[in-house]
Each structure stands twice: as structure tokens, then as C-alpha cells.
Amino acid sequence: MPTVLSLTDIRDRLNRSKSITVLTGAGISADSGVPTFRGPEGLWKNFRPEELASPEAFARNPKLVWEWYDWRRNLLSTKSPNPAHITLATFEKHVENFWLITQNVDGLHATAGSRKLSEIHGNIWKVRCTACGRISQNHDVPIIYPPTCKSCGGLLRPHIVWFGESLAPEDLDASYTALQTCEILLIIGTSGVVYPAASFAPIAKNQGALVVEVNLDPTPHSSIIDVSFQGRAKDVVPLLLSEG
Ligand code: BV8
Ligand code: ZN
């Protein structure tokens with residue numbers, strides 16, 4: 001009979017743990033008013049991912065892809081971190097080995113103060129030159145199309161990992177190290193359908209980590225999750241990571 005661990009049990013274990021890895025998805029930013037991808041109000045409801053978040057789409061129609069990202073940047077420019085982001089940024093200071101892996105491109109973890117962080121799908125406020133590869137911050141709202149590189153005049157693209165593109169090796173290395181060494185993996189607000197992030201829970205589980213999930217609904221991970229808390233990230237995360 002699996003032991004039933006209460007929120008207090010998990011909070012105490014998180015407070016005592018020397019090595020914690022956290023994986024977040026769009027659900028943690030939903031409480032900041034940022035639309036998720038696959039929910040009823042999801043971003044993808046009007047488009048198929050391949051239509052916009054892919055190198056083929058950008059090659060075919062860069063203006064359309066930039067219009068979609070410009071719309072998202074405009075929306076995000078009015079959003080702020082919520083208590084879940086802020087709690088994680090504070091908590092990282094109290095743990096010997098802490099790493100936060102986010103699939104989100106909204107930049108809200110960095111804004112909240114998280115520094116031990118891998119933005120494995122990139123960041124919507126960074127652009128990359130398609131000609132010379134230079135990466136820079138760009139907060140222009142709206143974007144004046146076509147956005148061009150200050151160094152070489154090349155066309156800029158969002159510095160985001162699109163479907164069919166590889167993740168940055170340094171982000172994968174940092175993520176795998178964190179997953180293979182953590183005592184606890186805390187998964188917050190992800191539907192667990194996008195790879196390679198969808199393979200992260202089994203990696204931690206296989207090396208003996210306790211896997212805890214916070215989500216509104218059950219997910220494909222739920223079969224290997226040790227403890228699942230059903231609720232909003234902004235409510236549950238501060239309870240789990242409070243000093244107690
Ligand atoms: C790669 C940038 C290979 C875009 C994104 C078949 C099998 C295995 C793999 C594949 C396959 N077919 C294709 C692939 C590969 C593909 C993939 O996984 N496809 C999926 C759809 C099957 N993966 C890739 O292409 C990756 N690259 O594999 O490279 C390769 C190798 C060598 C050489 C070349 C290539 C790249 C993946 C990255 C794609 N980019 N984002 C953009 O954002 O503009 S992915 C996109 O989905 C977002 O980044 C998002 O973060 C991510 C995951 O979504 P979630 O974060 O989980 O969000 P979602 O809306 O789905 O879920 C929200 C959850 O929160 C829900 O569970 C909900 O219940 C919950 N929630 C809601 N509100 C709350 C809440 N929880 C708590 N509180 C709340 N308030
Ligand atoms: Zn350039």
C-alpha cells in the first residue's frame with residue numbers, strides 16, 4: 001500500500017532536502033494571466049504548433065510568425081510574476097543544490113529573481129540573428145517588421161526553440177545533471193507532452209528521487225508521480241515551500 005504523504009510531510013521533506021530540482025510549464029504562468037498552450041483558452045487553439053512555432057513556418061512566412069510573437073510579447077509586457085514564481089526565487093537561496101528547469105519562454109522566473117535557472121525553450125524577450133547568430137535582448141513592443149541585426153543587418157528571429165529544433169546543449173547538460181542528482185523533483189503546471197521535457201520525470205524517478213506534481217488536472221506523468229497536489233500553482237507552491 002503506497003504511503004500517503006500529506007502536504008505537511010512534503011513541505012518538511014522539501015525544507016530538509018539538500019538537492020531539489022523543479023520543472024515548470026505554462027501552468028505556473030497561468031496565474032499571471034498568461035494563456036497556456038493546450039488548455040480551453042490555450043494559445044494553440046487557433047493554430048497548430050507546426051503552423052507557427054517551427055523553422056519551416058518562419059522560412060515560409062517570417063512576417064506571420066513575427067506577428068504571433070509580437071502579439072504574445074505585447075500581452076506578456078503587462079504580466080508579472082505570481083506568488084508561485086516569487087516563492088521559487090526565494091526558495092532557491094535556502095537549498096544547497098537547487099535547479100529550476102522551465103519550458104516557459106515568458107521570462108517570468110528570471111523577473112521574479114530566479115538565477116539557478118535553465119530556460120530550455122528559450123526566451124521571448126531574446127532575439128537571434130539568422131545571418132550571424134548574435135543573440136540579444138529585445139523588448140520592443142510592438143516589433144517593427146522586419147527586425148534586423150545591429151551587427152550585420154540580418155533578419156532577426158525569436159531566440160526560442162521551435163518544434164523540430166534541438167535544445168541548447170548547455171541547457172540539456174544542466175537539466176540532466178539536476179535530474180540525475182536531485183532528491184526531490186517538483187513538477188509544476190506542465191501537461192508533459194513535449195519532449196525532451198516529457199522524459200525528465202522518469203529520469204529523476206529512475207535514480208530514486210521523490211517526484212511531486214502540482215497541476216489542476218492529472219497528467220501523463222501521474223503514473224510515476226509519488227505525490228500529486230491538485231490545485232492552482234499560486235496557491236499550492238507557497239504552501240509547499242513555506243518555512244513551516
Ligand atoms: C526536439 C517554444 C529533436 C514555442 C516549445 C513524437 C514523440 C516524441 C517527440 C516528438 C514526437 N513528435 C515530435 C516530437 C518532437 C517534439 C515534441 O515533443 N512534440 C510533441 C508535441 C509530441 N519536440 C521537439 O521538437 C523539441 N525538439 O525534439 O528536437 C531533435 C533532435 C536532434 C536534432 C533535431 C531535432 C523542441 C520542443 C520545444 C518546442 N517549443 N515552445 C513557443 O512557446 O512559442 S514547446 C511549448 O509547449 C511551450 O514551450 C510549452 O512550455 C511547452 C509545453 O507545454 P506546457 O508548458 O506543458 O503547457 P500546456 O499548456 O501544454 O500545459 C499547461 C499545464 O498546466 C496543464 O497540465 C494544465 O492542467 C496546467 N495548469 C493550467 N493552469 C494551472 C495549471 N497548473 C497549475 N496551476 C494553474 N493555475
Ligand atoms: Zn547579424
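Residue indices follow the written sequence of each chain, beginning from 1 at its first position. As a convention, the first chain written is A and the first ligand written is 1, with the rest following in written order. Only residues with pLDDT of 70 or above have their local features reported here, since the model is predicted, and side-chain atom pairs are shown and tallied only from 80 upward, although totals for entire chains, interfaces and linings are computed over all residues. Calculated side-chain values reflect all of the structure's heavy atoms, with hydrogen atoms and water omitted.

Q: Give a detailed account of the environment of valine 212, specifying residues and quantitative values.
A: Helix numbers and strand numbers start at the N terminus; a helix is a DSSP run of H or I with at least 4 residues, a strand a run of E with at least 2. Within the secondary structure layout, valine 212 lies in strand E8 (residues 210-215). As a C-alpha pair, valine 212 and cysteine 152 span 60 residues in sequence and 47 Å in three-dimensional space. Aside from chain neighbours lying at most four places away, what touches valine 212 is Ile10, Ile184, Leu185, Leu186, Ile187, Ile225, Val227 and Phe229. The contact criterion used is simple: two residues touch if any of their non-hydrogen atoms lie within 4.5 Å.

Q: I'd love a proper account of the pairing of strand E7 (residues 184-188), names of residues and values included.
A: Burial analysis of E7 places five of its five residues in the buried class, the great majority of the element. Categorising residues by exposure relies on relative accessible area from a 1.4 Å probe, with only protein chains included: less than 20% of the type maximum marks a residue as buried, more than 50% marks it as exposed, and the intermediate range marks it as partly exposed. The side-chain alternation of E7 yields two buried faces, one formed by Ile184, Leu186 and Ile188 and the other by Leu185 and Ile187. Two strands are counted as paired when DSSP detects at least two bridges linking them. Here strand E1 (residues 19-24) pairs with E7 via five bridges, running parallel. When the sheet's bridge partners are listed, threonine 24 is paired in E7 with isoleucine 188. Taken together, the five bridges between E7 and E8 define a ladder with parallel strand orientation. Each bridged residue has a counterpart across the sheet, and for leucine 185 the counterpart in E8 is valine 211. The path from the first strand over the helix to the second decides the hand: if it runs clockwise while the strands point away from the viewer, the crossover is right-handed. With respect to chirality, the unit in which E7 leads through helix H9 (residues 200-206) into the neighbouring parallel E8 is right-handed.

Note that all results are geometric; they support no functional claim without further evidence.
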